[in-house]
Amino acid sequence: MRTGSRVLLVLLALLLPVWGSVAAAHNGDLTVRPTCKPGFSEEDYTAFVSQNIMEGQKLLKVKFNNCAGNKGVRYETNSLDFKVRADGTMYAAHQVQMPLKQRILMVTAWDPQTLGRWDVIVRLLVAEKSQHNGHKPKGRKTVPGEPAQQQSDTLLPWRQHQSSNGLRRQKRDWVIPPINVPENSRGPFPQQLVRIRSDKDKEIHIRYSITGVGADQPPMEVFSIDPVSGRMYVTRPMDREERASYHLRAHAVDMNGNKVENPIDLYIYVIDMNDNRPEFINQVYNGSVDEGSKPGTYVMTVTANDADDSTTANGMVRYRIVTQTPQSPSQNMFTINSETGDIVTVAAGLDREKVQQYIVIVQATDMEGNLNYGLSNTATAIITVTDVNDNPPEFTTSTYSGEVPENRVEVVVANLTVMDRDQPHSPNWNAIYRIISGDPSGHFTIRTDPVTNEGMVTVVKAVDYEMNRAFMLTVMVSNQAPLASGIQMSFQSTAGVTISVTDVNEAPYFPTNHKLIRLEEGVPTGTVLTTFSAVDPDRFMQQAVRYSKLSDPANWLNINATNGQITTAAVLDRESDYIKNNVYEATFLAADNGIPPASGTGTLQIYLIDINDNAPELLPKEAQICEKPNLNVINITAADADIDPNVGPFVFELPSVPSAVRKNWTITRLNGDYAQLSLRITYLEAGVYDVPIIVTDSGNPPLYNTSIIKVKVCPCDENGDCTTIGAVAAAGLGTGAIIAILICIIILLTMVLLFVVWMKRREKERHTKQLLIDPEDDVRDNILKYDEEGGGEEDQDYDLSQLQQPETMDHVLNKTPGVRRVDERPIGAEPQYPIRPVIPHPGDIGDFINEGLRAADNDPTAPPYDSLLVFDYEGSGSTAGSVSSLNSSSSGDQDYDYLNDWGPRFKKLADMYGGGEED
């Protein structure tokens, strides 16, 4: 090569063997083994093909030696698109559209004698147009029908062309075939893939580098390159499921970092290995199929996914059924589509009543289901046999019986039991009962117990013993769901039910209830109105019926107790408050003498026809009118308690006596019910006038009434209203009387005012007097202290020790037993009392008594509760006399006249003691 016209060589370097002979391939050494080793002639095969491959087109030929003459050796591929003949020729099974870059296949040689299997990788590379124009990659020899032989492991991606006009550099990059790396390689690492070099390395020092994902981008340092030699390595095992391909760029620069060549693209593909088992989406699948289904009925679909390449046999999964439990009625009740995983029935005889569930173990295997070298996994398919209504319900017995009292409803008289072998509590099991015959009036119905599925014969319409003593019913049972096709109803789905009716004492009843009669009001007492009798429905019982009143609001009626004849007990008045809409209503009771007795009620309605027994009345009873005529009038209304035709139109007129009535007043009829009363004269003195008016109704015979209307005649203002003074004058008081009333009112108010002033003055004087009187001299409302206790005890000194210790007890000890005085010293043990002062002050008597109480409370021998206590014994010869000797007699020489000087509060005491004897 001359400088300036260097030729860029582009050499294609194949992947170095990554398995056992890596080191030997790197050194270019091929060691000839003296012994035969079965296997393919190459580690892998590569062939360039067009993008469209025709059916039957030969691609390449693989060479295999089993060291036994290849007798019976068979070839297989992991693709349905390509096949291998017995001589090793690979061809297209049908027309194939190749991918843009390459396709990797696995060819397997199988020796049926030794059962040995050998695999080899075949790469089909899509040829570029430059190759079709006659430019073949230098460094690889491709012979049609033969595998491409490895010539060199060095890639010269940069080449140079020379023209006839001299040396001229022309860049034209070759498309570098992809570099294939098997996944899961065991190394050793780093493992060389390819060497890249430029022909400029003979003139200058060149540094090589790679960039891209897997080099200087995550994942980092998967690939590396020797910067001096250009050898590229893989540093660790590859995983196609993690990343299937890498795109790198190779760079060549000089020592100063200047670009020497343009970057080239490197594509590295990870070759898939069968390192992943198929994985089912679910470990347990649940499906169902109707019992009695025909063969070929779809049940369910199971699905398994394989992480390996689905375009190769590594990822092609096939299914099969391993076991079926139970194996009844056949061990192969189901089959599975090997490619889709659809499970269908393959045999007849599914019966839920015998087998309700099947457990099927399904196995998924890759490598197109090859069990020898494919990976497998299993899942469980639980197939439930669903119920269909193939068993009609059947009665457990052909006849049933029951009993019901008459006149009872909602009573269960019989329970019908059935047997159904279908699934409980499903529409195929739930029973529906129907009465076919024997109950034309609809007295009975049959309800289904939702728990036991029994039929409950229930009375819904009361039965009458006197009408039907027994019923013979025919009932039929069916399911909610219709029977399956081809299944007929059973003879045992029909049964008979006998129901006996028992007689009970029924209450008498009134045939006509409510009974309505019509009569005129005012019929005399004792009039027979009607006979209101009851009927006893118990025709087969000899019973008597008695009648009585239950409700008679006005007490107008009587009823005969034996025959029910009703008579009047008082005059019936239509205008009574007990009448509603001209009807009087009474209720009667009819009771029999059965056991137990029963009774019924009946209502009698009496429609009272009105007679003209009420005279009309006038309203209002009081009115007022102005003393001058033509200012206003009095409107009068007539009212009558009767009804038409015994009411209006009414006739209004004034009586002729007294004559002043017609002289002063006039009455004008407005219509049948209304009239107007007004003054006839020009002026009438103010006052109250009683105006009699005669009003007559239109009854036959007519009734009239003279009503008195009190009319107040008063002076009126310009509006026609009575003035206040006029109203008083109209009440009958003159001007003098009005003035007198006003003067009396003024005098009364003055007296009240003077009384109030006098009371306030007196109260003020009382308070002033209290301030002037010495409180010691004023005996009113004061507490007086009296210190005299018998003639000046304050000035005497008494020996109170006599109250503590008696002189002798002889008079007590010699006394006969019996009741003794409470002031005597008790015989026996005495409580120990606290020591008192020898001469206590009289003011300490309260302390003395309190100490005695405490001593008594602490003495266990003292009587409890409210017993009399003796505090101490005074002894004999006491200087003080007995208290019992005192009396309240007024006799004596004491002078009580001074009590008269103590004021009115002591007047009563002065009268008792100081006033002398009363007459």
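Described in the following lines is the structure provided in the data block. Note that the structure is predicted; figures quoted are calculated from it, not measured.

**Brief notes about the overall build of the protein**
- When you go through the protein residue by residue, the secondary structure sums to eight helices and 56 strands.
- When contacts within the protein are restricted to residue pairs at least 6 apart in sequence, long-range pairs at least 24 apart make up 66% of them.

**So, the side chain of Ser-185**
- Mapped onto the elements of the fold, Ser-185 is located in the loop between strand 17 (179-182) and strand 18 (191-196).
- Since its relative accessible area comes to 6%, Ser-185 is described here as buried.
- Within the local environment of Ser-185, its side chain forms a polar contact with the backbone nitrogen of Gly-187, the two atoms lying 3.4 Å apart.

**Some points on unusual backbone geometry**
- Across the junction of Phe-189 and Pro-190, the peptide omega takes the value -5°, indicating a cis bond.
- Non-glycine residue Asn-407 carries a positive phi angle of around 65°.
- Topologically, Asn-407 is positioned in the loop between strand 34 (399-405) and strand 35 (412-416).
- Given a relative accessible area of 38%, Asn-407 falls into the partly exposed group.

**Here we look at the state of the cysteines**
- Under the definition given, this model contains two disulfides.
- The disulfide bridge from Cys-36 ends at Cys-67, spanning 1.7 Å between sulfur atoms. Disulfide Cys-36-Cys-67: the torsion about the S-S bond is -85°, which places it as left-handed. Taken together, the positions of Cys-36 in the loop between helix 1 (22-27) and strand 1 (39-40) and Cys-67 in the loop between strand 5 (64-65) and strand 6 (74-77) put the pair 31 residues apart, joining distant regions of the chain.
- On the accessibility criterion, Cys-36 (46% relative accessible area) is partly exposed.
- The disulfide partner of Cys-626 is Cys-716, and the gap between their sulfur atoms is 1.8 Å. A torsion of -105° about the S-S bond marks the disulfide between Cys-626 and Cys-716 as left-handed. Of this pair, Cys-626 sits in strand 50 (residues 622-626) while Cys-716 sits in the loop between strand 56 (704-714) and helix 4 (724-730), and the two are 90 residues apart along the sequence.

**A short note on the sheet that holds strand 48 (residues 599-609)**
- Here we have four strands laid out as an open sheet, ordered 42-48-47-44, and mixed in their pairing. In the strand order of this sheet, the two ends are held by strand 42 (515-520) and strand 44 (545-551), each with one partner. The sheet shows a mean angle of 30° between the axes of neighbouring strands, direction not considered.
- Pairing analysis gives six bridges linking strand 44 to strand 47 (residues 583-592), with the strands arranged antiparallel. Residue pairing for strand 47: Ser-548 is matched across the bridge by Leu-589.

**Points about the sheet that holds strand 51 (residues 634-639)**
- Taken in spatial order, the four strands make up an open sheet running 49-51-54-53, and their pairing is antiparallel. Only two strands of the sheet have a single neighbouring strand rather than two, namely strand 49 (617-619) and strand 53 (665-669). When strand polarity is set aside, the average angle formed by the axes of neighbouring strands in this sheet is 30°.
- Looking at chain direction, strand 49 and strand 51 are connected through three bridges and run antiparallel. Of the residues in strand 51, the one forming a bridge with Glu-617 is Ala-639.

**A few points about the packing of aromatic side chains**
- This structure, assessed with the given rule, holds 16 aromatic pairs.
- Their ring planes at 55° and their centres at 6.4 Å tell us that Phe-510 and Tyr-547 sit as a pair that is tilted. Within this pair, whereas Phe-510 is found in the loop between strand 41 (494-502) and strand 42, its partner Tyr-547 is found in strand 44, the two being separated by 37 residues in sequence. For the pair Phe-510 and Tyr-547, a shared accessibility class is recorded, and that class is buried.

**Remarks on the environment of Ile-446**
- Secondary-structure assignment places Ile-446 in strand 38 (residues 444-448).
- Each residue touching Ile-446, except ones within four places of it in the same chain, is listed here: Leu-416, Tyr-433, Ile-435, Gly-455, Met-456, Val-457 and Val-475.

**Quick word on the environment of Pro-701**
- Mapped onto the secondary structure, Pro-701 falls in the loop between strand 55 (687-696) and strand 56.
- Between the alpha carbons of Pro-701 and Ile-611 there is a distance of 9.7 Å; along the sequence they are 90 residues apart.

**Here's the deal with the pattern of salt bridges**
- The tally for this structure, following the rule as stated, stands at 18 salt bridges.
- The salt bridge involving Arg-352 is made with Glu-353; its shortest N-O contact spans 3.2 Å.
- Using a relative accessible area of 6% as the deciding quantity, one classes Arg-352 as buried.
- A salt bridge links Arg-574 to Glu-575, with the nearest nitrogen and oxygen atoms 3.0 Å apart.

**Quick word on the pairing of strand 46 (residues 565-568)**
- One ladder, built from three bridges, connects strand 43 (residues 528-531) with strand 46; its direction is antiparallel. Across the sheet, residue Thr-531 finds its bridge partner in strand 46, namely Gln-565.

**So, helix 7 (residues 845-858)**
- Taking 1.5 Å of rise per residue, 14 residues should cover 20 Å, and helix 7 covers 20 Å from first to last C-alpha, within 8% of that figure.
- Among the residues of helix 7, those classed as buried are Gly-852, Ala-855 and Ala-856. All buried residues of helix 7 lie within an arc of 100° about the axis, which places them on one face of the element. Along helix 7, the residues that are exposed and aim more than 90 degrees away from the buried face are Asp-857 and Asn-858.

Here is what the cut-offs are and how they apply
- All residue numbers refer to position in the chain's written sequence, counted from 1.
- Only residues with pLDDT of at least 70 are given local features in this predicted model, and only at 80 or more are side-chain atom pairs given and counted; all residues enter the totals for whole chains, interfaces and linings.
- Heavy atoms throughout the structure, all of them, feed into the side-chain values; hydrogens and water do not.
- Labels follow the DSSP assignment, with helices taken as runs of H or I lasting at least four residues and strands as runs of E lasting at least two, numbered in each case from the N terminus.
- Between two residues, a contact is recorded if the distance between any of their heavy atoms is within 4.5 Å.
- Type-normalised accessible area, obtained with a 1.4 Å probe on protein chains alone, sets the label of each residue: buried when under 20%, exposed when over 50%, and partly exposed for intermediate values.
- The definition of a polar contact used here is a pair of N or O atoms within 3.5 Å, where within protein one atom must be able to donate a hydrogen and the other to accept one, and adjacent residues in sequence count solely through side-chain atom pairs.
- When two cysteine sulfur atoms are found within 2.5 Å, that pair is recorded as a disulfide.
- Pairing between strands is defined by DSSP: at least two bridges between them are needed.
- The convention used is that axes are lines fitted to C-alpha atoms, helices contributing only their stretch in contact, and that angles between N-to-C directions extend from 0 to 180 degrees.
- Under the pairing criterion, centres of Phe, Tyr and Trp rings, with the six-membered ring standing for Trp, must be within 6.5 Å; the plane angle then separates stacked pairs below 30 degrees from edge-to-face pairs above 60, leaving the rest tilted.
- In what follows, salt bridge is the name for a side-chain nitrogen of Lys or Arg lying within 4 Å of a carboxyl oxygen of Asp or Glu.
- In this analysis, the expected span of each helix is defined as 1.5 Å times one less than the number of residues it contains.
- Read the arc as the range of directions from the helix axis to the C-beta atoms.

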